[in-house]
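# Notes for the structure review
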Amino acid sequence: QRLKAAVHYSVGCLCQEVEEDKDVQFSKQSIAAIAEITFRQCEIFAKDLEMFARHAKRTTVTTEDVKLLARRSNSLLKYITQKSEELASSNMEQKERKKKKSSAAKGERTPGEQEAAVTESEDSNMA
């Protein structure tokens, strides 16, 4: 019930933006109808995503499932693909930072630092 109310509120806000932008009016009934259709479509999407994951013998919905769901809308598929790539690269950067922090805390050196230390010791041995 709270979820349905949240969808209705969001649809109302979007309709207000369109009203201001396009100089049109939405009746309360039309906003309610759009909210209901949106909620039902989201339920269908959720069931489809669950089925895609189940078909792949998984219990977790992945970004690939979402891309499959969006395949009929080229612009949506492109947007989802772009965002998932951005998230993946951001996650990789965070993992790298955590790895550097934990190795620095343990007094370990990163591969680049190890290489520099080896080069330094080789230089001092030659002198």
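If you're wondering where the values come from, they're calculated on a predicted model, not measured in any experiment.

Next up on the list: the overall build of the protein. Each helix and strand in the protein was counted, giving five helices and zero strands. Scanning the protein from its N terminus toward the C terminus, one meets helices and strands in the order α-α-α-α-α. Buried positions account for 13% of the 127 residues belonging to the protein. Residue pairs at least 24 apart in sequence account for 22% of intrachain contacts in the protein once pairs closer than 6 positions are excluded. For the protein, the computed accessible surface area is about 10,900 Å², with 55% contributed by carbon and sulfur atoms.

Turning our eyes to something else, we now look at the side chain of K67. Here K67 is to be found in helix α3 (residues 63-69). For K67, a relative accessible area of 18% gives the class buried. Apart from residues lying up to four places away in sequence, K67 is in contact with L77, I80, T81 and S84.

This part covers helix α4 (residues 74-105). The end-to-end C-alpha distance of α4, which contains 32 residues, comes to 46 Å, matching closely the 46 Å that a straight helix rising 1.5 Å per residue would cover. All of the buried residues in α4 are I80, S84 and S103. Against the buried residues of α4 lie α3.

What follows covers the environment of K4. Its place among the elements puts K4 in helix α1 (residues 2-22). Note on K4: relative accessible area 33%, which makes it partly exposed. Separated by 34 residues in the primary sequence, K4 and T38 have C-alpha atoms spaced 9.6 Å apart.

What follows deals with the pattern of salt bridges. Scanning all chains against the criterion turns up seven salt bridges. The partner of R54 in a salt bridge is E50, with the nearest N and O atoms 2.9 Å apart. Remark: E50 and R54 occur in helix α2 (residues 28-55); sequence separation between them is four residues, near one turn of the helix. E50 sits in the partly exposed class, given a relative accessible area of 43%. Three or more residues joined by partner-sharing salt bridges are found here, namely K4, E36 and R40.

Rules used in this analysis
- Residues numbered from 1 in each chain as written.
- Predicted model: local features only at pLDDT ≥ 70, side-chain atom pairs only at ≥ 80, totals over all residues.
- Heavy atoms only, no water.
- Helix = DSSP H or I, 4+ residues; strand = E, 2+ residues; numbered from the N terminus.
- Buried < 20%, exposed > 50% of the residue type's maximum accessible area, 1.4 Å probe, protein only.
- Contact = heavy atoms within 4.5 Å.
- Areas by Shrake-Rupley, 256 points an atom, 1.4 Å probe, with all protein chains shown as cover.
- Expected span 1.5 Å × (residues − 1).
- Salt bridge = Lys/Arg side-chain N within 4 Å of Asp/Glu carboxyl O.

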